[in-house]
Amino acid sequence: MSEITPEIVAEHGLSEDEWKLCLEIMGREPNLNELGIFSVMWSEHCSYKSSKKWLKTLPTEAPWVICGPGENAGVIDIEDNQAIIFKMESHNHPSYIEPYQGAATGVGGILRDVFTMGARPICNLNALRFGDVDHEKTRHLVSGVVSGISGYGNCVGVPTVAGECEFHSSYNGNNLVNAMAVGLADADNIFYSAAAGVGNPVVYFGSKTGRDGIHGATMASAEFTEDSEEKRPTVQVGDPFTEKLVIEATLELMQTGSIVAIQDMGAAGLTSSSFEMASKGGVGVELELDQVPMREEGMTPYELMLSESQERMLVILKPGMEAEAKAIMDKWDLEFAVIGKLTDTGNMVLKWHGEVVGDLPIDPLALASPEYDRPWVKTERPAEIDAASVESNVGRIDALKTLTAHPNFASKRWIWEQYDHMVMGDTVGRPGGDSAIVRVHETNKGIAVTSDCSPRYCYQDPHEGGKQIVAETYRNITAVGATPLAVTDNLNFGNPERPEIMGQIVGCIEGIGEACRALDYPIVSGNVSLYNETNGQGILPTPTLGAVGLIKDIDKAASVAFKKDGQAIIVLGETKGWLGASRYLEIICGREEGAPPLVDLEAELKTGNFVRAEILCGVDTCHDISDGGIAVAVAEMAMAGNIGCSIDIPANVEQAYAWLFGEDQGRYIVTVDADKADAFVVKAGEAGVTANIIGQTGGSDVVLGGEGIGVAELKDLHENWMPDYMAAGE
Amino acid sequence: MKAAVIVFPGSNCDRDMMVGIEHSLGRKPEMVWHKETELPDVDFIAVPGGFSYGDYLRCGAMSAHSPIMREVVKKANAGVRVLGVCNGFQILTEAGLLPGVLMRNAKLKFICKDVHLKVENASTDFTSKYSAGQAIRIPVAHHDGNYFAADDVLKSIEDNNQVAFRYCDEAGNVSEEANINGSRNNIAGILNENKNVLGMMPHPERLCDAQLGGTDGKPLFDALVEALS
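Here is what the cut-offs are and how they apply
Residues numbered from 1 in each chain as written. Chains lettered and ligands numbered in written order. Predicted model: local features only at pLDDT ≥ 70, side-chain atom pairs only at ≥ 80, totals over all residues. Heavy atoms only, no water. Helix = DSSP H or I, 4+ residues; strand = E, 2+ residues; numbered from the N terminus. Rg over C-alpha atoms; globule rule 2.2 N^0.38 Å. Buried < 20%, exposed > 50% of the residue type's maximum accessible area, 1.4 Å probe, protein only. Contact = heavy atoms within 4.5 Å. Pairing = 2+ DSSP bridges. Axes fitted to C-alpha atoms, helices over the stretch in contact; angles between N-to-C directions. 1 Å grid on protein atoms, 1.4 Å probe; cavity = no way out; pocket = protein on both sides within 12 Å on 5 of 7 lines; lining within 4 Å. Points joined across faces, edges and corners; volume = space filled by probe spheres on them. Nonpolar A, V, L, I, M, F, W, Y, C, P; charged D, E, K, R; others polar. Buried area = accessible area lost by both parts, 1.4 Å probe. Salt bridge = Lys/Arg side-chain N within 4 Å of Asp/Glu carboxyl O. Expected span 1.5 Å × (residues − 1). Parallel < 35°, antiparallel > 145°, perpendicular 65-115°, else oblique. Left-handed = near helix turned anticlockwise from the far one by under 90°.

Trainee: Explain the overall build of chain B here, please?
Mentor: A count of helices and strands for chain B gives 5 helices and 11 strands. Against the 2.2 N^0.38 benchmark of 17 Å for 229 residues, chain B shows a C-alpha radius of gyration of 16 Å, consistent with a compact globule. By its C-alpha atoms, chain B is 45 × 35 × 35 Å across when sized along the principal axes. Counting across all 229 residues of chain B, residues that qualify as buried make up 59%. Here the contacts in chain B between residues at least 6 apart in sequence split such that 75% fall between residues at least 24 apart.

Trainee: Explain the sheet that holds strand E9 (residues 284–288) of chain A here, please?
Mentor: Paired through backbone hydrogen bonds, the strands of a sheet run either parallel or antiparallel to each other. Residue and element names in this part refer to chain A. Here 7 strands make up an open sheet; going across it, the order is E8-E10-E7-E11-E9-E12-E13 and the pairing mixed. Every interior strand has two partners, whereas the edge strands, strand E8 (259–264) and strand E13 (355–361), have only one. Geometrically, the sheet is characterised by an average inter-axis angle of 25° between neighbouring strands, direction not taken into account. Contacts between helix H13 (residues 322–331) and the sheet are confined to strand E7 (201–206), strand E10 (312–317) and strand E11 (335–343), with E11 contributing the most and set at about 150° to the helix.

Trainee: When you look at empty space enclosed by the protein in this model, what are you seeing that I'm missing?
Mentor: To find leftover empty space, a probe the size of one water molecule is rolled over the atoms. Counted according to the given criterion, the structure contains 7 cavities of 30 Å³ or more. Within this model, the largest cavity holds a volume of roughly 100 Å³. Gly425(A), Asp16(B), Val19(B), Glu205(B) and Leu212(B) are the residues nearest the centre of the largest cavity, which is lined by 15 residues in total. Ranked by residue count, the leading element in the lining of the largest cavity is helix H1 (residues 14–25) of chain B, at 5 residues. Classifying every residue of the lining of the largest cavity gives 4 nonpolar, 4 polar and 7 charged. Its volume calculated, the second largest cavity comes out at about 60 Å³. Its residues assigned to classes, the lining of the second largest cavity comprises 6 nonpolar, 2 polar and 3 charged.

Trainee: In this structure, what is going on with the interface of chain A and chain B? I would like to understand it.
Mentor: Facing 36 residues of chain A, the contacting portion of chain B comprises 29 residues. Between chain A and chain B lies a buried interface of about 2500 Å² when both sides are counted; carbon and sulfur atoms form 52% of it. Of all residues in chain A, the largest losses of buried area upon contact with chain B belong to Phe241(A), Glu417(A) and Met422(A), amounting jointly to 21% of the total for that side. Glu442(A) serves as the salt-bridge partner of Lys28(B), at 3.8 Å between the closest nitrogen and oxygen. Listing elements by their share of the side of chain A that touches chain B, those giving two or more residues are helix H8 (138–156), helix H10 (240–254), H13 and strand E14 (427–429) of chain A. Here the residues of the side of chain A that touches chain B sort into 13 nonpolar, 9 polar and 14 charged.

Trainee: Please clarify how the pattern of salt bridges should be interpreted in this entry.
Mentor: Close approach of charged atoms allows side chains with opposite charge to pair. All names here are of chain A. Summed over the entire model, instances satisfying the criterion amount to 65 salt bridges over all chains. A salt bridge links Arg456 to Glu663, with the nearest nitrogen and oxygen atoms 2.7 Å apart. Residue Arg456 is located in helix H17 (residues 455–460), and its partner Glu663 is located in the loop between helix H23 (656–661) and strand E25 (668–673); the two are separated by 207 residues in the primary sequence. According to the relative accessible area criterion, Glu663 is buried, its value standing at 0%. Here Glu604 ties to Arg475 by a salt bridge, and the two come within 2.7 Å at their closest N and O atoms. Placement of the pair is Glu604 in helix H21 (residues 601–616) and Arg475 in helix H18 (residues 462–478), with a sequence separation of 129 residues. Beyond isolated ion pairs, a larger network of salt bridges with shared partners links Arg129, Glu164, Glu166, Arg456, Arg583, Glu586, Asp627 and Glu663.

Trainee: What am I meant to see in the environment of Ile149(A) here?
Mentor: Residues and elements named next belong to chain A. Its location among the elements puts Ile149 in helix H8. Placed 50 residues apart in sequence, Ile149 and Pro99 show a C-alpha to C-alpha distance of 9.6 Å. Among all residues touching Ile149, those that are not within four sequence positions of it are Ala103, Ala104, Val107, Asn126, Leu128, Asn154 and Tyr419.

Trainee: Quick question: what am I supposed to make of helix H19 (residues 499–519) of chain A here?
Mentor: Three or four residues apart is the spacing at which side chains of an α-helix point the same way, because the helix has 3.6 residues per turn. Residue and element names in this part refer to chain A. With 21 residues, H19 should reach 30 Å at 1.5 Å per residue; the first-to-last C-alpha distance of 30 Å fits that figure. Of all the 21 residues making up H19, 15 are buried; the element is thus mostly covered by neighbouring parts of the structure. Backbone geometry just downstream of H19 places Asp520 in the positive-phi region, at approximately 55°.

Trainee: Whenever I open this one, the sheet that holds strand E9 (residues 163–168) of chain B confuses me. Can you help?
Mentor: Residue and element names in this part refer to chain B. Sheet architecture is open: 9 strands sit in the order E2-E1-E3-E4-E11-E10-E9-E6-E7, paired in mixed fashion. Unpaired on one side and paired on the other, strand E2 (30–33) and strand E7 (135–142) mark the two borders of the sheet. Neighbour to neighbour, the strand axes of the sheet diverge by 25° on average, direction disregarded. The pairing of strand E4 (residues 81–85) with strand E11 (residues 197–200) spans 4 bridges and is classified as parallel. Considered in E11, the bridge of Leu83 is made with Leu198. Docked against the sheet, helix H3 (residues 87–94) engages strand E3 (44–47), E4, strand E10 (187–191) and E11, running at close to 120° with respect to E4.

Trainee: For this particular structure, what's the right way to read the side chain of Ser454(A)?
Mentor: Considering the arrangement of structural elements, one finds Ser454(A) in the loop between strand E16 (446–452) and H17. Setting aside residues up to four positions removed in sequence, Ser454(A) forms contacts with Gln468(A), Ile469(A) and Glu472(A).

Trainee: What is the right way to read the packing of helix H15 (residues 396–404) of chain A against helix H22 (residues 629–641) of chain A from this model?
Mentor: Two packed helices can be described by the angle between their axes and the distance between those axes. Residues and elements named next belong to chain A. Across the interface, H15 lies against H22 with an axial gap of 11 Å and an inter-helix angle of 65°. By the angle between their axes, H15 is roughly perpendicular relative to H22. Considering how the two elements wind past one another, H15 and H22 form a crossing that is right-handed. Only Ala631, Val632, Ala635 and Met639 of H22 make contact with H15, whose side of the interface consists of Leu400, Leu403 and Thr404. Of the residues that constitute the contact of H15 with H22, the class distribution is 6 nonpolar, 1 polar and no charged.

And the structure:
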């Protein structure tokens, strides 16, 4: 008699074809435990079935890459036998349903991915996207997400040093919470997840297993509807104190030489961790599920396999090392249990008080998971917008004021002052700059980190938008004087079953790949979050990138703040006045349209190399030009340094607003002493880099072509928007 | 100076404290695990910040009953200098070494930023390298730093010069606006009656190194090293 009805199959999110494949692999009808495992392993979240074909096209290698995608996180070499391990991951769906816990456990999960490989986490970042500021849920979501990140990150004692926060109506029903963790490890002591050694014990440590988060991965692989709030029980609950203990215990265990392989239990919990470890190692595994430490009574094998309880680790130990490992867990008051052993059967056998309750072939299930070539249509690049055709009856200072106080420009101090960004005592570049810089403990080296995305460019032209994000992270890392090394991608999109969304995915990935290849800047880890739709309304394509760079001498790092009066302000890179898809067009003119700016990767590389070299030779003030163009960039530099500036608009410029607010790519602003400015411009020219002196620092106003505003007034607008906005909801 | 730093399971500023002390002392302090029942022979004990037991219960309430804290109390009563920073301050109040309590910040949010402190009492072993009335810049990072004591307790603290630091503005004015967390009398740090125990919410160990943006915390450790050598 069949216990699995078509309804049960559908509830587990398997399509008809996938169910057929499941029957084929099993050679019989699976029981409920086995079906549950198929369901999570083949979910979009775990299998990447819609994106795999395209992800394979990304460049992942460079001489400094120790480990690219496929492990828990990416690993790069920073010399001196040191490695940086990092990854970004989304927790979008849970954070919408339950903002505090959703965001908190997002931080916990990404930290585990990093320390699982042997790294001590040294900083966190987060990229947040919320709906329109006037939408009724936005404040509640901002408040919950920020306190969730703060509550978790602060307690584990890892500084949260950088991030971004953007508002747009397309996120009304699907906010995005992308969390990134960066860790530091010994390059010769990296830990991997491939299980090995038949007979070796499978050991569980950390928290007990409860009923939280069952089917979280499946939930994260479907669109939202109005009743999504009912899915709240699928959200996990975080315990940062235990996470702190698990970090310390894991790092201590790693010093004993007893570990063969290790993996955290993240999405799809015990199922995916044990399957992935066995599958990568080509071994079988037998689990005694009744040995799993349980938080509540009456839990079933099905629940134990699918629970997403947090702060749990799975490790394959060398034989005979159990007692030493247990002593470490006892010291840290953590659960420890031998829950099974590796076998040579190639199967996963699940036992419950001695009785077999599941028996599945590992390789076919893990490796033969579906891979789709979903139909897609290319997003056509829209017409370019002629700056002369843009109506501009708003004065330049009014425009600057409006932009400065706009939610997408205003200071996010309200957010980052709730994050402990200084703990661990190595934050040498605090939040608010182009990149944050974290010193490598007990050295003079610094790790520069940033996260970026320009969804509005990606929406208009996914390919060019994808290139632009890579270039922007490259510039942000460069602008502090660091060498960009590698990238992690967190691809957030709508429903891939719709060809136009699939077209966005394909376009963005192609653009990202092209730029990463050109800049020798590989993707070493990542995560895909699809089905970010509510009632058929998808988000703007949001492939967030997190990037890491290295500066060998932190004393040479540059920052955005103007440092002194009377310095020449120089723009590097070419200014034509590109207004298509710009913030000026969107916010000042109310038009979200037009082809986004083009990214010249060859120029990007040349300018970046020049800027970096000059910073290492003494330039101490640098800012990349991005949203809002030259005007916003100099205003930000003035506000950061409490020093004004005067900008001269070149006489041959026809539309001053386009020159001031245009978003041409590949540009930086630097300041140099006035008497050295001409020589600097010549030197740039010799390096093939366009350089123009556009004004000088000094005074207490930001003056743009003769019209000015006080730095203090601008700063009030910039600093007050967010606290005022959040206070209005209290 | 012989120094020790107490390490609780959720301490996360223990390394920062170690490094901060090392900047002034020239060598690392001993790190003492909270399950220990004996302290080494020391003349300075630091209880660092963090979330000692996750702070799911009242902050510091569980740590105050840790085996090592009995020893810390004994030493403090015998005159050994004890510094509690942030969560360490909370632990010292829970352990009864300092009067008053630390409540949730008035605006109910975690605050991490540089603040200014007015040095109120510059004639202790902790503060002798500052001058009275000086405004120093030190970071805070806490959710529960809102100092409260009953009127009579507050009066005796004030009368006995037990206030070490108050929140102030850059110019040293002790104002309502500068009171970031709602503390009574803008109190940021207090001493015990004998002035050998100091608890403070701001983190002096975070600004002992110019690369981190300032060194206003360093004189505190310099003063201890000088007093105890």
